[in-house]
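Below are the chains, spelled out letter by letter.
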Amino acid sequence: MRKIIQIGLLFFIISANSYAASLIGRLGIGASNQLTTGMDVISFKLQRNRSSAMGGVFGLDSSSEGMNYALGLKGYKYIYEEPQLNFYSSLAGYIFTYEDENNDTKQGYQVDGTFGAEFSFQGLESIGFSFEFGLGMHKYRETHFKTIGYNVIASAIHFYL
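Residues numbered from 1 in each chain as written. Predicted model: local features only at pLDDT ≥ 70, side-chain atom pairs only at ≥ 80, totals over all residues. Heavy atoms only, no water.

1. Description of the overall build of the protein
Thinking step 1. Assigned secondary structure in the protein consists of 2 helices and 9 strands.
Thinking step 2. Listing every helix and strand of the protein by position from the N terminus yields α-β-β-β-β-β-β-β-β-α-β.
Thinking step 3. Classification of the 161 residues of the protein by burial places 37% in the buried group.
Thinking step 4. Within the protein, contacts between residues at least 6 apart in sequence are counted, and of these 47% link residues at least 24 apart. (Helix = DSSP H or I, 4+ residues; strand = E, 2+ residues; numbered from the N terminus. Buried < 20%, exposed > 50% of the residue type's maximum accessible area, 1.4 Å probe, protein only. Contact = heavy atoms within 4.5 Å.)

2. Digging into the nonpolar core
Thinking step 1. The biggest cluster of nonpolar side chains holds 10 residues, and these are Leu-35, Met-39, Val-41, Val-57, Ala-70, Ala-92, Tyr-94, Phe-96, Tyr-98 and Tyr-140.
Thinking step 2. When sequence neighbours within four positions are dropped, the list of residues in contact with Tyr-140 reads Thr-36, Thr-37, Phe-96 and Tyr-98. (Core = buried A, V, L, I, M, F, W, Y, C linked by side-chain atoms within 4.5 Å.)

3. A word on the confidence of the model for the protein
Thinking step 1. On average, residues of the protein score 84 in pLDDT, and 86% of them reach the 70 mark or higher.
Thinking step 2. Least confident of the elements in the protein is helix H1 (residues 2-18), whose mean pLDDT is 44; most confident is strand E5 (residues 85-99), at 94.
Thinking step 3. Scored below 50 in pLDDT, residues 4-20 shows 6 contacts in the model against residues more than four places distant or in partner chains. (pLDDT = per-residue confidence, 0-100.)

4. Observations regarding the pattern of salt bridges
Thinking step 1. Within the structure shown, the criterion is met by 4 salt bridges.
Thinking step 2. Taking the shortest distance from any N to any O, the salt bridge between Arg-141 and Glu-101 comes out at 3.8 Å. Placement of the pair is Arg-141 in the loop between strand E7 (124-140) and strand E8 (142-150) and Glu-101 in the loop between E5 and strand E6 (105-121), with a sequence separation of 40 residues.
Thinking step 3. Residue classification places Glu-101 among the exposed positions, given a relative accessible area of 63%. (Salt bridge = Lys/Arg side-chain N within 4 Å of Asp/Glu carboxyl O.)

Printed below as a string of structure tokens:
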């Protein structure tokens, strides 16, 4: 009986490690809501190697009154790695347009320095959920320097191809 339990535990350990998904070279496409304007954007992320990844966002809001857009780039540096979780630091820069109180189109920017984690569930390794916290600065109506925290819904959800 003891041998069966030991073999069962060994099989469980080996099979649990085999579920770890390598995201190197895989493109993640999803959604994010990290812009201070509240504009929903399409997000992408490409893990270049075990220690870094690059990402970006694109958003568009068009109406008969005008068109607003958002563009951004983000660099990731991985700090700690587990089979279903990656802890990282990131630096992001965004430019966007918005309408002020007089309905004039203005341009703004946002810079975020964060720590965060991206995790997936066993069996769903192609879907990554993330959350982030850190410091940010933006020029949207006024210039602000503030602490930030993005929950799982606002930070990003990516599907890896």
